Amino acid sequence: MWQVGPACYSTKTAALQATASAQTGAVVQQSGGAYVVTVTSVAENGIEYTLTPLAGGTSSTVQVIQEPMPCNLLTGDDVAPIAWAIFGGWMVIYTICRIWKQGVINDT
């Protein structure tokens, strides 16, 4: 699983397509000129961009090798220990309140 923003994707290519869709149409500065970014192709190992100068002229193609980030979203296995810790904390508070109410702990 690969993550882009808050979403996880099953393949690297799908994750890179999500990255590319957010970048297409952007205007970037490079070597003193402004260029419009167009995504030419997406493969498992990277994204190919075409940079078209805003002032006119010849477009250039750049291939950028990218490795998407592994998916690190919380799963059920991650949540279980946290839930048990919260439950244990509430049980301790409940027990202290019960002992206090029975007068075992004095508030003076």
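Before reading on, note that the structure itself is shown above.
Residues numbered from 1 in each chain as written. Predicted model: local features only at pLDDT ≥ 70, side-chain atom pairs only at ≥ 80, totals over all residues. Heavy atoms only, no water.

A. Region of the structure containing the state of the cysteines. Tallied over the full model, the rule gives one disulfide. Sulfur-sulfur distance for the disulfide between Cys-8 and Cys-71 comes to 1.6 Å. Classification of the bridge connecting Cys-8 and Cys-71 rests on its S-S torsion, roughly 65°, and on that basis the disulfide is right-handed. With a gap of 63 residues between them, Cys-8 in strand S2 (residues 7-9) and Cys-71 in the loop between strand S7 (69-70) and helix H2 (76-101) connect regions that are remote in the sequence. (Disulfide = S-S within 2.5 Å. Helix = DSSP H or I, 4+ residues; strand = E, 2+ residues; numbered from the N terminus.)

B. Representation of the side chain of Thr-50. Note on placement: Thr-50 falls in strand S5 (residues 46-53). Its relative accessible area of 18% is what places Thr-50 among the buried residues. For Thr-50, the side chain forms a polar contact with the side chain of Thr-40, separated by 2.6 Å. Setting aside residues up to four positions removed in sequence, Thr-50 forms contacts with Val-36, Val-37, Thr-38, Thr-40, Ser-59, Ser-60 and Thr-61. (Buried < 20%, exposed > 50% of the residue type's maximum accessible area, 1.4 Å probe, protein only. Polar contact = N/O pair within 3.5 Å; in protein donor to acceptor, adjacent residues only side chain to side chain. Contact = heavy atoms within 4.5 Å.)

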